[in-house]
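Analysis of the macromolecular model
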Protein chains: 2
Amino acid sequence: MKLLEDRILKDGKVLGGDVLKVDSFLNHQIDVPFLCELGKELHRLYEGAGVNKVLTIEASGIGIACITAQYFGCPVVFAKKAKTSNIADDLYSAQVHSYTHGVTNNIVVSRSYLSPEDRVLIIDDFLANGCALEGLTEVCQQAGATVVGCGIVVEKQYQGGGDKLRRSGIRVESLAKIAAMTDGRITFC
Amino acid sequence: MKLLEDRILKDGKVLGGDVLKVDSFLNHQIDVPFLCELGKELHRLYEGAGVNKVLTIEASGIGIACITAQYFGCPVVFAKKAKTSNIADDLYSAQVHSYTHGVTNNIVVSRSYLSPEDRVLIIDDFLANGCALEGLTEVCQQAGATVVGCGIVVEKQYQGGGDKLRRSGIRVESLAKIAAMTDGRITFC
């Protein structure tokens, strides 16, 4: 999506080799009118796929998930990061490793809010190694819900998580796909 | 707002005396088309007040903040809960005590995203003792930004936080105000 690529080139900052900071418009300050354009594009990509629920993970996925869900007219469920490994009976849960923070979290979703009737679009702001999306996919499998696909704002394609998911048969649509970040320069696929 | 009061009576659950659980439509699963109606009402209340930024706190405030901000055509900034008490120079910060979780968190906002030019609408899903809103207000003061007011989905009026803020001169608009929760029965103001 050219609008997004242009914005990343204009306002994104490459830090310490592999960190792309887009917190001026995506995940600390959120440019909501801009987010609406991204949400409309995700809706266009998945229109007609029968999406009746959007699933994301707290915190930075919630904004793009809610903005996108309004075009589908469907609810959002956001997975919570659980502090303990004691997971209650009324929750679906999966482990998600964060390479950024060097920790493994449990993510949990109440059993009340995912069911076999759900056709789920998984939305997140970033896709790198794919651990978060794998965890969200696992939660959907536990619920017997159908994963229609994933809608991502920025995919770091060179980290391989997106292609691993695609090889497993999951549709993954990313609005911007980064092929490389070298010497502070961003190259899109 | 009658639409919201009716929904709380229909789907809210009063647990253990003082906990109102609305996670079927507000803060775990989010009924986005319903949230749009709440956002339009918050926009109606603050229309003409010159709001050019919405400030909230992760995680459950982000959805209603983004949905509301689109009607103002302005960005959202969400304060992050910081794990350490070592706050970097490039951040505004304030302490927020959570009675629910029995902990005090630092909340932080990058200095890049709040400035004296900002006319801020603070939005959150819940208002009880008001600690989160006081922290967000303090962050605005540090930035020299103007707090236009607060827009809240559910205020537990009997816990006093909203009226304390109002007495300090801050405009607080709550879409539903709960006067009492007794024996599992909810009474609105």
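Please refer to the structure placed before this passage.
For the structure given in this document, a descriptive report is provided here. (Residues numbered from 1 in each chain as written. Chains lettered and ligands numbered in written order. Predicted model: local features only at pLDDT ≥ 70, side-chain atom pairs only at ≥ 80, totals over all residues. Heavy atoms only, no water.)

1. Notes on the overall build of chain A
Along chain A, the regular secondary structure elements total 5 helices and 11 strands. Radius of gyration (C-alpha) of chain A: 16 Å, near the 16 Å computed for a compact globule of 189 residues. For chain A, the spread of C-alpha atoms along the principal axes amounts to about 50 × 35 × 30 Å. Among the 189 residues that make up chain A, the fraction classed as buried is 54%. The contacts of chain A with a sequence gap of at least 6 include a subset with a gap of at least 24, amounting to 59%. The positive charge centre, built from 20 side chains, and the negative charge centre, built from 22, are 2 Å apart in chain A. (Helix = DSSP H or I, 4+ residues; strand = E, 2+ residues; numbered from the N terminus. Rg over C-alpha atoms; globule rule 2.2 N^0.38 Å. Buried < 20%, exposed > 50% of the residue type's maximum accessible area, 1.4 Å probe, protein only. Contact = heavy atoms within 4.5 Å. Lys, Arg positive; Asp, Glu negative; His and termini not counted. Charge placed at Lys NZ, Arg CZ, Asp CG, Glu CD.)

2. What about the pairing of strand 9 (residues 146-156) of chain A?
Residue and element names in this part refer to chain A. Burial of strand 9 is extensive: 9 of the 11 residues sit out of reach of the surface. Of the strand pairs in this sheet, strand 8 (residues 119-127) and strand 9 are connected by 8 bridges, and their pairing is parallel. Bridged to Leu 127 within strand 9 is Glu 155. At this point the chain moves from strand 8, through helix 4 (residues 131-143), to the parallel strand 9, and the crossover so formed is right-handed. (Pairing = 2+ DSSP bridges. Right-handed = clockwise from strand over helix to strand, strands pointing away.)

3. Some details on a positive patch on the surface
On the surface, A:Lys81, A:Lys83, B:Lys81 and B:Lys83 cluster together into a positively charged patch. Mapped onto the secondary structure, A:Lys81 falls in strand 5 (residues 76-82). (Patch = residues over 30% accessible without salt bridge, like charges linked within 9 Å, V, L, I, M, F, W, Y side chains within 5 Å. Areas by Shrake-Rupley, 256 points an atom, 1.4 Å probe, with all protein chains shown as cover. Salt bridge = Lys/Arg side-chain N within 4 Å of Asp/Glu carboxyl O.)

4. Examining the nonpolar core
One finds A:Leu4, A:Ile8, B:Leu4 and B:Ile8 to be the most contacted residues of the largest nonpolar core, which totals 78 residues. Ignoring anything within four residues of it in the chain, the contact list for B:Ile8 reads B:Leu20, B:Phe25, B:Val154, B:Ala176, B:Ile186 and B:Phe188. (Core = buried A, V, L, I, M, F, W, Y, C linked by side-chain atoms within 4.5 Å.)

5. A look at helix 4 (residues 131-143) of chain B
All names here are of chain B. The terminal C-alpha atoms of helix 4 lie 19 Å apart, and with 13 residues this matches the ideal 18 Å at 1.5 Å per residue to within 8%. Buried residues of helix 4: Cys 131, Leu 133, Gly 135, Leu 136, Thr 137, Val 139, Cys 140 and Ala 143, and no others. Looking at the residues trailing helix 4, positive phi occurs at Gly 144, about 75°. (Expected span 1.5 Å × (residues − 1).)

6. A look at the interface of chain A and chain B
Every contact between the two is made by 31 residues of chain A and, on the other side, 31 residues of chain B. Per-residue buried area on chain A facing chain B is highest for A:His28, A:Gln29 and A:Tyr113; these three make up 28% of the total on that side. Run the count over chain A and chain B and you get 0 salt bridges. Contributions of two or more residues to the side of chain A that touches chain B are made by strand 3 (29-30), helix 2 (32-46), helix 3 (61-72), strand 5 and strand 7 (103-110) of chain A. Per-element accounting of the side of chain A that touches chain B gives the leading share, 6 residues, to helix 3 of chain A. Taken together, the residues of the side of chain A that touches chain B sort by class into 17 nonpolar, 9 polar and 5 charged. The sheet contact formed by strand 3 of chain A and strand 5 (residues 76-82) of chain B spans 2 bridges and is antiparallel. Considered in strand 5 of chain B, the bridge of A:Gln29 is made with B:Val77. (Buried area = accessible area lost by both parts, 1.4 Å probe. Nonpolar A, V, L, I, M, F, W, Y, C, P; charged D, E, K, R; others polar.)

7. Observations regarding the pairing of strand 11 (residues 185-188) of chain B
Alternating residues of strand 11 of chain B divide into B:Ile186 and B:Phe188, all buried, and B:Arg185 and B:Thr187, none buried. Counted along the chain from strand 10 (residues 172-182) of chain B to the antiparallel partner strand 11 of chain B, the turn is 2 residues long, and its residue B:Asp183 has a positive phi close to 50°.

8. Here's the deal with the packing of aromatic side chains
To describe a pair of aromatic rings, you give the distance between the ring centres and the angle between the ring planes. Enumeration over the complete set of coordinates arrives at 2 aromatic pairs over all chains. Considering the side-chain rings of A:Phe25 and A:Phe34, the 5.7 Å spacing of their centres and the 85° angle between planes classify their relative orientation as edge-to-face. This pair shows no difference in class: A:Phe25 is buried, exactly as A:Phe34 is. Directly above the ring of B:Phe34 sits B:Arg7, whose terminal nitrogen or CZ lies 5.0 Å from the centroid. In this structure, B:Arg171 is placed above the aromatic ring of B:Tyr46, and the distance from its NZ or CZ to the ring centre is 4.1 Å. (Phe/Tyr/Trp six-rings, centres within 6.5 Å; stacked < 30°, edge-to-face > 60°. Lys NZ or Arg CZ within 6 Å of the ring centre and 35° of its normal.)

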